[in-house]
Amino acid sequence: MTVRRAVAADAEAIAAIWYAGWRDGHLGHVPAALVAVRTEESFGTRAAERIADTTVAVAGDEVAGFVMVVGDEVEQVYVGSAHRGSGVAAELLAEAERQVKAGGYDEAWLAVATGNARARRFYERNGWRDGGPFDYPASVGDTTLPVPCHRYLKRT
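Residues numbered from 1 in each chain as written. Predicted model: local features only at pLDDT ≥ 70, side-chain atom pairs only at ≥ 80, totals over all residues. Heavy atoms only, no water.

Draft legend 1. Broad picture of the packing of aromatic side chains. Inspection of the entire model under this criterion finds 11 aromatic pairs. Plain terms: the ring middles of W18 and F43 are 5.3 Å apart, the flat faces sit at 75 degrees to each other, and that makes the pair edge-to-face. Remark: F43 occurs in helix 3 (residues 40-49) and W18 occurs in helix 1 (residues 11-26); sequence separation between them is 25 residues. Assigned by exposure class, W18 and F43 land together as buried. What links up through ring pairs into an aromatic cluster is the set W18, Y19, W22, F43, F66 and Y78. Taking NZ or CZ as reference, R46 lies 5.0 Å from the ring centre of F43, over its face. The cationic tip of R151 hangs over the ring face of F134; the distance from NZ or CZ to the ring centre is 4.2 Å. (Phe/Tyr/Trp six-rings, centres within 6.5 Å; stacked < 30°, edge-to-face > 60°. Helix = DSSP H or I, 4+ residues; strand = E, 2+ residues; numbered from the N terminus. Buried < 20%, exposed > 50% of the residue type's maximum accessible area, 1.4 Å probe, protein only. Lys NZ or Arg CZ within 6 Å of the ring centre and 35° of its normal.)

As structure tokens, then:
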């Protein structure tokens, strides 16, 4: 497996992983209004717009997963279903932590939908601590929707 900065040609694979993974972790745990706007097409648009913030893990010649980091926030961590349990997610999370530290921050944070127990366990196994509940302002066009989440924190 290789971890590298994403390039424009990765956008389609990132979008497919992101859409499937987002649905796995969020359906039933986020407001219906957010689900309604998080269409498959929306993930394609957002993936292409976010290439500069994205790092991918490549297994063979396939994008296996990705992370998006902005400042001290690890915004997205997703792995394709065929690569779950293979260590890809832990490697991507470690890379995200390195990027946050390289950006001059002493602590990284990320938001996890309150009901996404699988993700919460994953972060805890990787040394992150639950900083408590908060409403994450999910971007929806020119506005935001509050999503019940937990803020996870880790010193870098």
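Draft legend 2. View of helix 3. Turning to helix 3, its buried residues are S42, F43, R46 and A47. An end-on view of helix 3 places all buried positions within 130 degrees of arc, on one side of the element. Turned more than 90 degrees away from the buried face of helix 3, the exposed residues are E41 and E49. Close packing links the buried residues of helix 3 with helix 1, helix 2 (32-37) and strand 4 (73-79). (Arc of directions from axis to C-beta. Contact = heavy atoms within 4.5 Å.)

Draft legend 3. Quick look at the nonpolar core. Counting residues in hydrophobic clusters, the biggest one holds 27 residues, and the most contacted among them are I14, W18, W22, L34, V56 and F66. Taken together, the elements giving at least two residues each to this core come down to helix 1, helix 3, strand 2 (54-59), strand 3 (62-70), strand 5 (107-113), strand 6 (129-140) and strand 7 (143-155). Sort the elements by how many residues they give to this core and helix 1 lands first, with seven residues. Residues in contact with V56, not counting those within four places in the same chain, are T2, V3, R4, R5, A6, D10, I14, V63, G65, F66 and L92. Within the second largest apolar cluster, 20 residues are counted, among which are V88, A96, V100 and L110. (Core = buried A, V, L, I, M, F, W, Y, C linked by side-chain atoms within 4.5 Å.)

Draft legend 4. Expanded view of the packing of helix 1 against helix 3. Between helix 1 and helix 3, the least distance of the axes is 8 Å, while the angle of their chain directions is 130 degrees. When the axes of helix 1 and helix 3 are compared, the pair comes out oblique. Every pair of crossing elements has a handedness; the one defined by helix 1 and helix 3 is right-handed. Note on element contacts: helix 3 touches helix 1 through E40, F43, G44, R46, A47 and A48, opposite A11, I14, A15, W18, Y19 and W22. Counted by class, the contact of helix 1 with helix 3 contains nine nonpolar, one polar and two charged residues. (Axes fitted to C-alpha atoms, helices over the stretch in contact; angles between N-to-C directions. Parallel < 35°, antiparallel > 145°, perpendicular 65-115°, else oblique. Left-handed = near helix turned anticlockwise from the far one by under 90°. Nonpolar A, V, L, I, M, F, W, Y, C, P; charged D, E, K, R; others polar.)

Draft legend 5. Representation of the environment of V30. Residue position: V30 is located in the loop between helix 1 and helix 2. V30 sits 22 residues away from A52 along the chain, and the two C-alpha atoms are 27 Å apart. Residues within four places of V30 in sequence aside, it is in contact with W22, V35, A113 and V147.

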